[in-house]
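Residue strings, one per chain:
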Amino acid sequence: MTPLLELRGVDSRYTVRRGLRAPVTVHAVNGVDLTIRPGETVGLVGESGCGKSTLSRTILRLKQPTAGDILFDGRPLREIDEAAYRRQVQMVFQDPYASLPQHMKAGRIVAEPMLIHRTVSDKEAALRRAAELMRDVGLPAGTEEKFPGQLSGGQRQRVGIARALALDPSLIVADEAVSALDVSVQAQILNLLAELQRERRLALLFVSHDIDVVRFLCQRIAVMYLGRIVEVGPAAAVHDHPHHPYTRVLMDAVPTIARRGRPRIEVRGDPPDPLDPPTGCAFHPRCPFAQDICRTERPALTARPGGGMAACHFGPEELASMEARRDPGSAAGDTLGQVTR
Ligand SMILES: Nc1ncnc2c1ncn2[C@@H]1O[C@H](COP(=O)(O)OP(=O)(O)OP(=O)(O)O)[C@@H](O)[C@H]1O
Ligand SMILES: [Mg+2]
């Protein structure tokens, strides 16, 4: 099956000026390979600044890739007309308040893309379709007539989702789409996205720093660290049996029953400076398992048991034996940290 979206070695950079010094380049996204199949939900996780939004913006064509290829339905992006691509690939924003025009009634907001892209015959048809879509996303009748300011945060996000659905896209990119919402409202919106994805065979790239939210919604998970994908695979495998030490750190940050009993690993230190990335494996300065090779050679993404891929020089047995070698009596995180320091 042709992937819906395929990224091959995609780089995305920014040039930043710091005061009077010469401009420097931030390699926000580095050699990313990623595929999304039709109807598939892929989660993209990683800590702040790792490049999730830059990758999303690159996919949405809001930012040009510096290198690499993006294919949509097997065709290179540069061969696809921008407007046609926009109909196929839509976005849902983090902040439904800031992203909706305040002076426009909700019905009109949802109708707008259909009018711009002329997918309906006239304004009445667009408003009728908007009302249907708003029912589909669980908004009460009459919401069409309200302004964003008169709606709750959850309702506003539903309007944002209805607007994203208005052109009947095949892919939605949702960057932190529930992060700004209360936890109970988050659950409702996640359920709605899951339902829409099932019913409409909609593919979703769901970007979040919350790994458990991603686990709930997604079939596959990609983990980013400093602009690169360091692990990718079936959601259950990545979440429950992570291979990359960084993925384990992300998982261990959230205690759950599944992880009870397994020693936690913790990292010390802050994320690296993207303007001065570490040599070798970018995670090595914070990795409790780091060896000499990690400081000099960048590991490639390679296949792992469980159906996924990870970019670590060590396999599960080697990591397990490194872990077993530490003093069994002491706290896992700290001891592991000290072993390599
Ligand atoms: N407009 C910009 N100009 C210069 N650098 C930028 C710009 N936007 C992002 N960056 C840098 O690119 C890197 C990746 O940022 P990005 O916003 O993609 O990360 P993120 O994973 O989405 O983070 P967050 O979880 O905080 O949203 C960071 O080092 C960031 O400082
Ligand atoms: Mg972001």
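Heads up: these notes are all about the structure in this document.

So, how was this worked out
- Residues numbered from 1 in each chain as written.
- Chains lettered and ligands numbered in written order.
- Predicted model: local features only at pLDDT ≥ 70, side-chain atom pairs only at ≥ 80, totals over all residues.
- Heavy atoms only, no water.
- Buried < 20%, exposed > 50% of the residue type's maximum accessible area, 1.4 Å probe, protein only.
- Helix = DSSP H or I, 4+ residues; strand = E, 2+ residues; numbered from the N terminus.
- Pairing = 2+ DSSP bridges.
- Near = heavy atom within 4 Å.
- Polar contact = N/O pair within 3.5 Å; in protein donor to acceptor, adjacent residues only side chain to side chain.
- Areas by Shrake-Rupley, 256 points an atom, 1.4 Å probe, with all protein chains shown as cover.
- Nonpolar A, V, L, I, M, F, W, Y, C, P; charged D, E, K, R; others polar.
- Contact = heavy atoms within 4.5 Å.
- Axes fitted to C-alpha atoms, helices over the stretch in contact; angles between N-to-C directions.
- Parallel < 35°, antiparallel > 145°, perpendicular 65-115°, else oblique.
- Left-handed = near helix turned anticlockwise from the far one by under 90°.

## Some details on the pairing of strand 6 (residues 89–92)
Logical step 1: Residue alternation in strand 6 divides its side chains into two sets, Val-89 and Met-91 and Gln-90 and Val-92, and both sets are buried.
Logical step 2: One ladder, built from 4 bridges, connects strand 6 with strand 7 (residues 171–175); its direction is parallel. Considered in strand 7, the bridge of Val-92 is made with Ala-174.

## Observations concerning the site of ligand 1
Logical step 1: The environment of ligand 1 is made up of 13 residues, and the closest members are Ser-48, Gly-49, Lys-52, Ser-53 and Thr-54.
Logical step 2: Here an oxygen atom of ligand 1 sits 3.3 Å away from a polar atom, N or O, in the main chain of Cys-50.
Logical step 3: Contact distances for ligand 1 include 2.8 Å between an oxygen atom and a side-chain N or O atom of Lys-52.
Logical step 4: Bound to the protein, ligand 1 loses 64% of the 630 Å² it would expose on its own.
Logical step 5: Elements with a contribution of two residues or more to the shell around ligand 1: strand 1 (5–16), strand 2 (24–36) and helix 1 (52–59).
Logical step 6: In terms of residue class, the shell around ligand 1 is made up of 6 nonpolar, 5 polar and 2 charged.

## Focus: the sheet that holds strand 2
Logical step 1: Judged by pairing direction, the sheet is antiparallel, and its 4 strands sit side by side in the order 2-1-4-5 without closing on themselves. Edge positions in the sheet fall to strand 2 and strand 5 (75–76), since each has one partner strand and no second.
Logical step 2: In the packing of helix 1 onto the sheet, the strands contacted are strand 1, strand 2 and strand 4 (67–72), and the crossing angle to strand 1 comes to about 115 degrees.

## Section: the packing of helix 3 (residues 106–116) against helix 4 (residues 123–136)
The packing of two helices is summarised by the inter-axis angle and the distance between the axes.
Logical step 1: It is at 8 Å that the axes of helix 3 and helix 4 come closest, and there the two elements cross at 120 degrees. Taken together, helix 3 and helix 4 sit at an angle that is classed as oblique. Handedness of the crossing formed by helix 3 with helix 4: right-handed. Along its contact with helix 3, which presents Ala-106, Gly-107, Arg-108, Val-110, Ala-111, Met-114 and Leu-115, the element helix 4 presents Lys-123, Ala-126, Leu-127, Arg-129, Ala-130, Leu-133 and Met-134.
Logical step 2: Considered class by class, the residues forming the contact of helix 3 with helix 4 number 10 nonpolar, 1 polar and 3 charged.

All quantities given are derived from atomic positions and should not be read as evidence of function.
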